Amino acid sequence: MVNFSVSRKLSLGSTDDEAPNFKHKTRFIILVICTLCLSIAQSDTLTLNFTIICMSGDGSSQNQTAIGHLEDMEMTMLNTSGTFVHNVETMEHKIAEGRYDYSPSERSMLFSLVAVGAMVAVYPVMLLIGKFGSRSIVFWMGMLSAVTTALIPWMAYIGFYPLLAMRFLQGAGLSTGFTLIGIVTRQWSMQVQNAFYIAVLTTFFQIGPIFTMPVAGALCTSSLGWPAVYYIHAVVTFGLFVLFYFFYRESPIRHAFVSSKELEKIQRHKGDGKREPVPIRAIITDPAILSVWISAIGNFMGIQLTMQFSPTYLNKVMGFAVEQTGTFSAIPQVVTFFLKIVAGYAADKMTCCTPQTSVKVYNWLALGGMSLSFLGLAVIPVSEPVLGLCMLIFSCSIIGFNCGAFFRSSAIYAAQHNHFIMGVNSFLNCFASLLAPVIVNIFVANDTWDEWWWVWMVHFVALFTFNIVFQIFGKGVPAEWTKPGYRRSGATVYDVESVPKATEQVVEKEA
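About the thresholds
Residues numbered from 1 in each chain as written. Predicted model: local features only at pLDDT ≥ 70, side-chain atom pairs only at ≥ 80, totals over all residues. Heavy atoms only, no water. Helix = DSSP H or I, 4+ residues; strand = E, 2+ residues; numbered from the N terminus. Contact = heavy atoms within 4.5 Å. Polar contact = N/O pair within 3.5 Å; in protein donor to acceptor, adjacent residues only side chain to side chain. Axes fitted to C-alpha atoms, helices over the stretch in contact; angles between N-to-C directions. Left-handed = near helix turned anticlockwise from the far one by under 90°. Nonpolar A, V, L, I, M, F, W, Y, C, P; charged D, E, K, R; others polar. 1 Å grid on protein atoms, 1.4 Å probe; cavity = no way out; pocket = protein on both sides within 12 Å on 5 of 7 lines; lining within 4 Å. Points joined across faces, edges and corners; volume = space filled by probe spheres on them. Buried < 20%, exposed > 50% of the residue type's maximum accessible area, 1.4 Å probe, protein only. Salt bridge = Lys/Arg side-chain N within 4 Å of Asp/Glu carboxyl O. Core = buried A, V, L, I, M, F, W, Y, C linked by side-chain atoms within 4.5 Å.

Caption draft 1: Geometry of the environment of Ser134. Note on placement: Ser134 falls in helix α5 (residues 134–158). The spacing of Ser134 and Val184 is 50 residues in sequence and 9.5 Å in space, taken between C-alpha atoms. Sequence-distant contacts of Ser134, defined by excluding residues within four places in its chain, comprise Ile129, Phe139, Ile183, Phe244, Tyr248 and Glu250. Polar contacts involving the side chain of Ser134 include one to the side chain of Glu250, which spans 2.9 Å.

Caption draft 2: Highlighting the packing of helix α4 (residues 104–132) against helix α6 (residues 160–173). The contact between α4 and α6 brings their axes to 6 Å, and the two run at 40°. Our pair here, α4 against α6, has a crossing hand that is right-handed. Contacts between α4 and α6 involve Glu106, Met109, Leu110, Phe111, Leu113, Val114, Val116, Gly117, Ala118, Val120 and Ala121 from the first element and Phe160, Leu163, Leu164, Arg167, Phe168, Gly171 and Ala172 from the second. Residue classes in the contact of α4 with α6 are distributed as 14 nonpolar, two polar and two charged.

Caption draft 3: Spatial organisation of empty space enclosed by the protein. Going through the model one piece at a time under the given rule, you end up with five cavities of 30 Å³ or more. Within this model, the second largest cavity holds a volume of roughly 100 Å³. As for the second largest cavity, its lining consists of Phe205, Gln206, Ile303, Thr306, Met307, Pro332, Gln333, Thr336, Cys396 and Ile399. For the lining of the second largest cavity, the per-class residue count stands at six nonpolar, four polar and no charged.

Caption draft 4: Examining the side chain of Thr203 more closely. Relative to the assigned elements, Thr203 resides in the loop between α8 (194–201) and α9 (204–220). Given the relative accessible area of 1%, Thr203 is considered buried. The residues touching Thr203, leaving out its near neighbours within four places in the chain, are Thr35, Phe337, Lys340 and Ile341.

Caption draft 5: Molecular detail of the side chain of Ser409. Tracing the chain through its elements places Ser409 in helix α17 (residues 406–414). Within the structure, Ser409 has its side chain in polar contact with the backbone oxygen of Lys475 (distance 2.6 Å). When residues no more than four places from it in sequence are discounted, the contact partners of Ser409 are Val292, Val359, Ala414, Phe470 and Lys475.

Caption draft 6: Molecular detail of the pattern of salt bridges. One pass over the structure, following the stated rule, counts one salt bridge. Across the pair Arg27 and Glu262 runs a salt bridge whose closest N-O atoms are separated by 3.1 Å. With a gap of 235 residues between them, Arg27 in helix α1 (residues 26–55) and Glu262 in helix α11 (residues 260–267) connect regions that are remote in the sequence. Take Arg27: its relative accessible area is 2%, and that puts it in the buried class.

Caption draft 7: Expanded view of the nonpolar core. Core analysis: the biggest nonpolar cluster contains 107 residues, and Val184, Tyr248, Trp452 and Trp456 have the highest contact counts within it. For this core, the leading source of residues is helix α13 (residues 287–317), giving 14 residues. Ignoring sequence-local partners within four residues, the contact set of Tyr248 consists of Ile30, Cys34, Ser134, Arg135, Leu180, Ile183, Val184, Trp188 and Leu243. Ile158, Leu219, Trp226 and Val229 belong to the second largest nonpolar core, which has 25 residues in total.

And the structure:
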């Protein structure tokens, strides 16, 4: 029997080119695997959004207390007259036949606690990645996402608060997303492919719902029932993160399938790659980074508004039928997916202007374009529903240019420290998901055109202003604090590994 490992000793300067190297394209295998892992983690958090209607359908009501449900579960699982498999099937039948009705406030808590979990976990996860590396931490957070997703039907049966706890932990499982994007972009992409890597990795926002919507729709109405949605997602999550753990390495230097030719391409123009602390004080006081974060909050505000409320707006304001709103709401996700790929590729290949100019042009297209589309939605009357639908699709899609905008700016400007900037972006995304319903609830009570006018105008002003800030302070060249030997006396630092530690034990490829 022949066993292989995808690691090699750090002392080796290059990989034997006779070893498997995927035609010097291992970095793209890493890109695909990481994108799929981010996507399934996003999908796991969306499962409840698409199954909550099925869960509250016909069935026996759940009037027992949580203690009563626990006792019932214990008696069912420990039933001596049946086998373990039979007892599990019996319990599954009880779960699927149950009826789970939640009040509007309870639904709001279930949806929002995912964001709270991610926000709470972001900084601890960043510290853990700094101490143990991204491979192990991302893997275990993926396992957390898989386990909590599989347990959701069981926790729903027990009671509301156990289900609430699972939603919080699901959000924690999503907290590694943007930090991993920053690390993979820096460590695995060629310097001239930053925007393309960012574009592909951030498509997890689109791939997640594209996967979950049809799966949930098919299984909810099948003989398997709505719990199967969670089990399918948990199995896929487990499989993808096991694949991630097997194939992913912190750096191409460690990967046995990276040839010397590919390694040279990846490391070209990236400096010496020495392990450096993150100069937090310099970063958080840098106007260019602050403009990146300001653009990020505007970007996520627009995304969360359209993602959460497009179906409501199309149905309640523009008068589209319920069965149409689901399809129409999915169209922008598909369009944005392809637009991101094209925009990222074009940003890297653009030779007509410098990166300094390119990131600002792309920011105008992304944030500026979305802000102007919100202005358009504010003036399109209900008598023109098709025009309103087209403008909404445009607003959701144009933001796909963000991969070449502030995202690319931070990749260039922060260089080896971009994972920290992306970690903060993860927090901002969660904050925006909590902020979106607050803004809507302030202005919207009856879902009238006049009420939604205020929502669109607030977002138009915010995004337009945030884009102007980036146009003034945004950068497309490396910062001074990214240059070799940068140190500032008394600066707060954050240790994150940028190259393999010399003491780490790595197993050679063995026969």
